[in-house]
Amino acid sequence: MEPDSDKIIDQVTRQDYKYGFVTDIETEFAPRGLTEDTIRYISSRKNEPEFLLEFRLKAFRRWLTMKQPTWAHLTIDPINFQDIIYYASPKKKKEVAGLDQVDPELLATFNKLGISLEEQKKLAGVAVDAVMDSVSVKTTFSETLSKYGIIFCSFSEAVLKHPDLVRQYMGSVVPYTDNYFAALNSAVFSDGSFCYIPKGVRCPMGLSTYFRINAANTGQFERTLIIADEGAYVSYMEGCTAPQRDENQLHAAIVEIIAMKDAEVKYSTVQNWYPGNKEGRGGIYNFVTKRGICKGSNSKISWTQVETGSAITWKYPGCILLGDNSVGEFYSVAVTNNHQQADTGSKMQHLGKNTHSTIISKGISAGKSNNSYRGLVRISKNAINSRNYSQCDSLLLGSSCGAHTFPYIQVENKSSIVEHEATTSKISEDQLFYCQQRGIDAESAIGLIVNGYAKEVLKQLPLEFAVEAQKLLSVSLEGSVG
Amino acid sequence: MLLRIKDLHASIHGKEILKGVNLEVNKGEVHAIMGPNGTGKSTLASVIAGREVFEVTAGEILYQGKNLQKLAVEERAREGIFLGFQYPVEIPGVSMTNFMRTAVNEIRQYKGLDALSGSDFMKMMEEKKKLVEITSNLTNRSVNEGFSGGEKKKNEIFQMAMLEPTLAILDETDSGLDIDALRIVANGVNKLRRPDNAFVVITHYQRLLDYIVPDFVHVLFEGKIVKSGGKELALELEDKGYDWIKNEQL
Ligand SMILES: Nc1ncnc2c1ncn2[C@@H]1O[C@H](COP(=O)(O)OP(=O)(O)O)[C@@H](O)[C@H]1O
Ligand SMILES: [Mg+2]
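Since we're looking at a predicted model, the values are computed, not measured.

## Quick look at the overall build of chain B
For step 1, the next point in the chain: Looking only at helices and strands, chain B has eight helices and 12 strands in total.
For step 2, the next point in the chain: Relative to the compact-globule value of 18 Å for 250 residues, chain B shows a C-alpha radius of gyration of 18 Å, a close match.
For step 3, the next point in the chain: The principal-axis extent of the C-alpha atoms belonging to chain B is close to 60 × 40 × 35 Å.
For step 4, the next point in the chain: For chain B, the proportion of contacts with a sequence separation of at least 24, taken over those separated by at least 6, is 68%.
For step 5, the next point in the chain: Summed over its atoms, the accessible surface of chain B is roughly 10700 Å², and 47% of this surface lies on carbon and sulfur atoms.
For step 6, the next point in the chain: Side-chain charges of chain B comprise 32 positive and 36 negative groups, with the mean position of each set lying 2 Å from the other.

Below is the structure:
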């Protein structure tokens, strides 16, 4: 690329994080550090049944024997796990009947983010389970949902009200032994979302959760469990932004999805955690384990993610395609800027016959960032006539950033086909000049080009999410392109 | 006077390409610039548009009395300068509709006008498409992606019609066109000609000038305008070939 366009790109990509602010709500903390006592504290604070405390303790003991993985293409400063507060809850947590009774500070926070619950309620028909710090503050639309027998609530509530479902499915897709951060989450998770769609029910609205990290120096360990029973359908959206701060914050979440026979789950994420400042200070460590299992035949799980935030992203949403004819999809746009690092991709494990998976990954790197795609496609011996198509594209803005692709492919039978395509491109000075000559400034031009590049993924998002995603994509690379 | 280029010198990566160009264009005029390949025609167009890889080392460009060198590429565009590209670039995934809507509204904002509503914009698209005889599906596609050579050139004229420039520079818009496409492109230009705008048509062949009749013809040779005349100069050039110019220069 010409040095001139480097300069332009450099200028416009140095945009400050727009969503950096801290809400001042009184918060109650667990003692700093991690011991069995911490875990007992969390469990008792939440009035958890015995089985859950046992699960946590087993996970903790396992975690103590494990080591933080080093295989990712990431440089991670040592994490002091004893310097983290593992539980925090807003003090005022009595049930509220209407939005007017919600803490005004909290409402203001949502308003700043442009996601006022009121608006959501009226316009989008989206039920919002807003998680702030660790305790769910407000759940809307639960009445409408309960009419269909749909359960959509905080994880804590599910533990108390639907312990059998939790007990049956929690850890069935991501066991606590899975990896270092999954073990940690299983030991200390504070809250999250739970969703159950009964047999034959098409969830009439998109379900959405906004996660926020809020209390200073508090790690966040969400846990989400989604179960779609036979023939059920749900579109689930997760989005998050975090306030600006100096210290690194650890975020190690688990999402588990179970799709029974003929069920379909569409899980969409817009991830915009605080990425750290221009010099690479601060920012969220986003170490997430997301996995779904297509348990029954003809089931389908689809992951779509737009990743623009976090200092470090380590995340490989995947599918275990157990049921015959089941389908797994992964659509991803990952943007890294300044000193951000991302090592993300997907894991598709074909176990059933005629199973299909698709991976479309678009990496966009700017500044001094590093962006890696890492994917595993495994087709087992019994998964005859299976197919995978993977496409991994990298777009570079400027010449100080890095893009890498690490595809791993294992095919254990002869009737299956795996296709992998990869490209690397740059925004050319020609393209920028062309746009500018039409009166579009460089900043908007980059927004246009990047959104065009990511179109294949963006069009997978639910409509109410797509606009926000496009905005985030542009904002994370420049000013404010719609 | 709309455009006044005085003793313009420009270079790329230290290599001088334009070596003292003088040119004056008034509103209502059509100028043709001809000349052999590699002589600096596209460079001249790029320098007027403000492409940053080219360095202006001497001289000046005045546009509506303003010194263009003080304006960024997009500002020149918003001031009414349009460049029809010799090689239009592809922008994958960006629809023509989105692209043009962004451009039209940026220009409107610059002029202090409100953004066009979606329906007004679509109406405008339809009108302008008719003008350049563009089939309807063109605008749903990504900018120039998968367009044939002829479609790309028609698309440049379409964009010109959308943006209604005061000064349009068309860089070899005729190259590679069959006679039908050539006629469509020329018709587009002729329909857009007005007393308050001007065209600079860069062409290698005189053929286009049968359809777009210029008021002036200039010959650019090795970075300088070495000959200017009326439309008959184009015919003479066609007749005698560029060697004639070359020999005269020796
Ligand atoms: N981007 C560039 N880098 C280096 N040289 C260039 C570039 N663009 C044009 N030139 C050089 O400038 C000269 C004039 O080119 P150009 O203006 O395209 O001529 P024309 O349009 O008359 O064919 C040529 O010698 C060409 O090689
Ligand atoms: Mg040329």
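## Things to note about the coordination of the magnesium ion (ligand 2)
Residues and elements named next belong to chain B.
For step 1, the next point in the chain: Within the protein, Ser42 (OG) and Gln86 (OE1) serve as the donor atoms for the magnesium ion (ligand 2), at 2.0 to 2.3 Å. Of this pair, Ser42 sits in helix H1 (residues 41-49) while Gln86 is found in the loop between strand S6 (81-84) and strand S7 (91-95), placing the two residues 44 residues apart along the sequence.
For step 2, the next point in the chain: Accessibility expressed as a relative area gives 26% for Ser42, which makes it partly exposed.
For step 3, the next point in the chain: Gln86 gets classed as buried once you look at its relative accessible area, which sits at 17%.

## So, the environment of Glu36(A)
Residue and element names in this part refer to chain A.
For step 1, the next point in the chain: Position of Glu36 among the secondary structure elements: in helix H2 (residues 36-45).
For step 2, the next point in the chain: A residue is classified by how much of its surface remains accessible, and Glu36, at 25% relative accessible area, is partly exposed.
For step 3, the next point in the chain: C-alpha of Glu36 to C-alpha of Lys58: the two residues are 22 residues apart in sequence and 10 Å apart in space.

## Details of the packing of helix H3 (residues 50-64) of chain A against helix H9 (residues 180-188) of chain A
Packed helices, taken two at a time, are described by their axes: the angle between them and the distance between them.
Residues and elements named next belong to chain A.
For step 1, the next point in the chain: Look at H3 against H9: their axes get within 7 Å of each other, and the N-to-C directions meet at 145 degrees. As for the relative orientation of H3 and H9, their crossing is left-handed in sense. Residues Phe55, Arg56, Ala59, Phe60 and Trp63 of H3 form the contact with H9, whose own contacting residues are Tyr180, Ala183, Leu184, Ser186, Ala187 and Val188.
For step 2, the next point in the chain: When its residues are assigned to classes, the contact of H3 with H9 shows nine nonpolar, one polar and one charged.

## Concerning the site of ligand 1
Residue and element names in this part refer to chain B.
For step 1, the next point in the chain: Taken together, Ile12, Lys15, Ile17, Pro36, Asn37, Gly38, Thr39, Gly40, Lys41, Ser42 and Thr43 form the complete shell of residues around ligand 1.
For step 2, the next point in the chain: The separation between an oxygen atom of ligand 1 and a polar main-chain atom of Gly40 is 3.0 Å.
For step 3, the next point in the chain: Thr43 places a side-chain nitrogen or oxygen 2.5 Å from an oxygen atom of ligand 1.
For step 4, the next point in the chain: For ligand 1, whose free accessible area comes to 560 Å², the fraction covered by protein is 63%.
For step 5, the next point in the chain: When contributions to the shell around ligand 1 are tallied by element, the ones reaching two or more residues are strand S2 (15-25) and H1.

## Some details on helix H8 (residues 242-249) of chain B
Residue and element names in this part refer to chain B.
For step 1, the next point in the chain: Three or more residues of H8 are buried, namely Tyr242, Trp244 and Ile245. Seen along its axis, H8 keeps its buried residues to an arc of 155 degrees; they face one direction.
For step 2, the next point in the chain: Next to the buried residues of H8 lie strand S3 (30-34), strand S11 (216-221), strand S12 (224-229) and helix H7 (232-240).

## A closer look at the interface of chain B and chain A
For step 1, the next point in the chain: Opposite the 34 residues of chain B that make contact, chain A presents 21 residues.
For step 2, the next point in the chain: Each partner contributes to the roughly 2300 Å² buried at the junction of chain B and chain A, and carbon and sulfur atoms together form 61% of this total.
For step 3, the next point in the chain: Our count for the chain B to chain A interface comes out at four salt bridges.
For step 4, the next point in the chain: In this structure, Arg51(B) engages Glu429(A) in a salt bridge whose closest nitrogen and oxygen atoms are separated by 2.8 Å.
For step 5, the next point in the chain: Here chain B is connected to chain A by 15 residue pairs in polar contact (both at pLDDT 80 or more).
For step 6, the next point in the chain: Here the element with the most residues in the side of chain B that touches chain A is helix H3 (residues 96-110) of chain B; it accounts for six residues.

## Section: the environment of Gly241(B)
Residues and elements named next belong to chain B.
For step 1, the next point in the chain: Note that Gly241 resides in the loop between H7 and H8.
For step 2, the next point in the chain: Overall, the relative accessible area of 23% leaves Gly241 in the partly exposed class.
For step 3, the next point in the chain: Once the C-alpha coordinates of Gly241 and Glu126 are considered, the two residues, 115 residues apart in sequence, prove to be 42 Å apart.

## Brief notes about the sheet that holds strand S9 (residues 167-171) of chain B
All names here are of chain B.
For step 1, the next point in the chain: As summarised here, the arrangement of the six strands in space is S6-S9-S10-S3-S11-S12, forming an open sheet in which the pairing is mixed. Here the strands that pair on one side only, and so sit at the sheet edges, are S6 and S12. Across this sheet, the average inter-strand angle for adjacent strands is 20 degrees, counted without regard to direction.
For step 2, the next point in the chain: Its contacts with the sheet put helix H5 (residues 149-163) on S6, S9 and strand S10 (198-202), and the angle it makes with S6 is roughly 170 degrees.

## With respect to the side chain of Gln436(A)
For step 1, the next point in the chain: Topologically, Gln436(A) is positioned in helix H10 (residues 429-437).
For step 2, the next point in the chain: A residue is classified by how much of its surface remains accessible, and Gln436(A), at 7% relative accessible area, is buried.

## Observations concerning the sheet that holds S2(B)
All names here are of chain B.
For step 1, the next point in the chain: If you walk across this open sheet you meet the four strands as S2-S1-S4-S5, and the pairing is antiparallel. This sheet does not close on itself; its edge strands, each paired only once, are S2 and strand S5 (66-67).
For step 2, the next point in the chain: For strand S1 (residues 3-12) and S2, the ladder comprises eight bridges, and the chain directions are antiparallel. The residue of S2 that forms the bridge with Ala10 is Leu18.

## Notes on the packing of aromatic side chains
Residue and element names in this part refer to chain A.
For step 1, the next point in the chain: Inspection of the entire model under this criterion finds 21 aromatic pairs over all chains.
For step 2, the next point in the chain: Aromatic side chains Trp63 and Phe81 sit 5.2 Å apart centroid to centroid with 80 degrees between the ring planes, which places their arrangement in the edge-to-face category. Highlighted residues: Trp63 in helix H3 and Phe81 in the loop between H3 and strand S2 (88-90), separated in sequence by 18 residues. Of the two residues examined, Trp63 and Phe81, each falls in the buried class.
For step 3, the next point in the chain: Geometrically, the ring pair formed by Phe181 and Trp314 is edge-to-face, given 5.4 Å between the ring centres and 70 degrees between the ring planes. Pair noted here: Phe181 is in helix H9 and Trp314 is in strand S15 (residues 312-315), with a separation of 133 residues, a long-range link. The residues Phe181 and Trp314 share a single accessibility class, namely buried.
For step 4, the next point in the chain: Connected via pairs of aromatic rings, a cluster forms that spans Phe60, Trp63, Trp71, Phe81, Tyr180, Phe181, Tyr285, Phe287, Trp314 and Tyr316.

## Re helix H6 (residues 179-192) of chain B
All names here are of chain B.
For step 1, the next point in the chain: Under the 1.5 Å per step criterion, the end-to-end length of H6 is 20 Å for 14 residues, consistent within 8% with the ideal 20 Å.
For step 2, the next point in the chain: Restricting attention to buried positions, one finds in H6 the residues Ala181, Leu182, Ile184, Val185, Ala186, Gly188, Val189 and Leu192.
For step 3, the next point in the chain: Looking at the buried residues of H6, the elements they touch are helix H4 (118-131), H5, S9 and S10.

## Looking at the nonpolar core
As a rule of thumb, soluble globular proteins bury nonpolar side chains together.
For step 1, the next point in the chain: Of all hydrophobic cores here, the largest spans 104 residues; its most connected members are Phe99(B) and Met100(B).
For step 2, the next point in the chain: If you look at the next biggest cluster of nonpolar residues, it comprises 54 residues, including Ala59(A), Met66(A), Phe81(A) and Ala187(A).

Reading guide: rules and limits
Residues numbered from 1 in each chain as written. Chains lettered and ligands numbered in written order. Predicted model: local features only at pLDDT ≥ 70, side-chain atom pairs only at ≥ 80, totals over all residues. Heavy atoms only, no water. Helix = DSSP H or I, 4+ residues; strand = E, 2+ residues; numbered from the N terminus. Rg over C-alpha atoms; globule rule 2.2 N^0.38 Å. Contact = heavy atoms within 4.5 Å. Areas by Shrake-Rupley, 256 points an atom, 1.4 Å probe, with all protein chains shown as cover. Lys, Arg positive; Asp, Glu negative; His and termini not counted. Charge placed at Lys NZ, Arg CZ, Asp CG, Glu CD. Donors = N, O, S within 2.8 Å, 3.2 Å for Na, K, Ca; no water. Buried < 20%, exposed > 50% of the residue type's maximum accessible area, 1.4 Å probe, protein only. Axes fitted to C-alpha atoms, helices over the stretch in contact; angles between N-to-C directions. Left-handed = near helix turned anticlockwise from the far one by under 90°. Nonpolar A, V, L, I, M, F, W, Y, C, P; charged D, E, K, R; others polar. Near = heavy atom within 4 Å. Polar contact = N/O pair within 3.5 Å; in protein donor to acceptor, adjacent residues only side chain to side chain. Arc of directions from axis to C-beta. Buried area = accessible area lost by both parts, 1.4 Å probe. Salt bridge = Lys/Arg side-chain N within 4 Å of Asp/Glu carboxyl O. Pairing = 2+ DSSP bridges. Phe/Tyr/Trp six-rings, centres within 6.5 Å; stacked < 30°, edge-to-face > 60°. Expected span 1.5 Å × (residues − 1). Core = buried A, V, L, I, M, F, W, Y, C linked by side-chain atoms within 4.5 Å.

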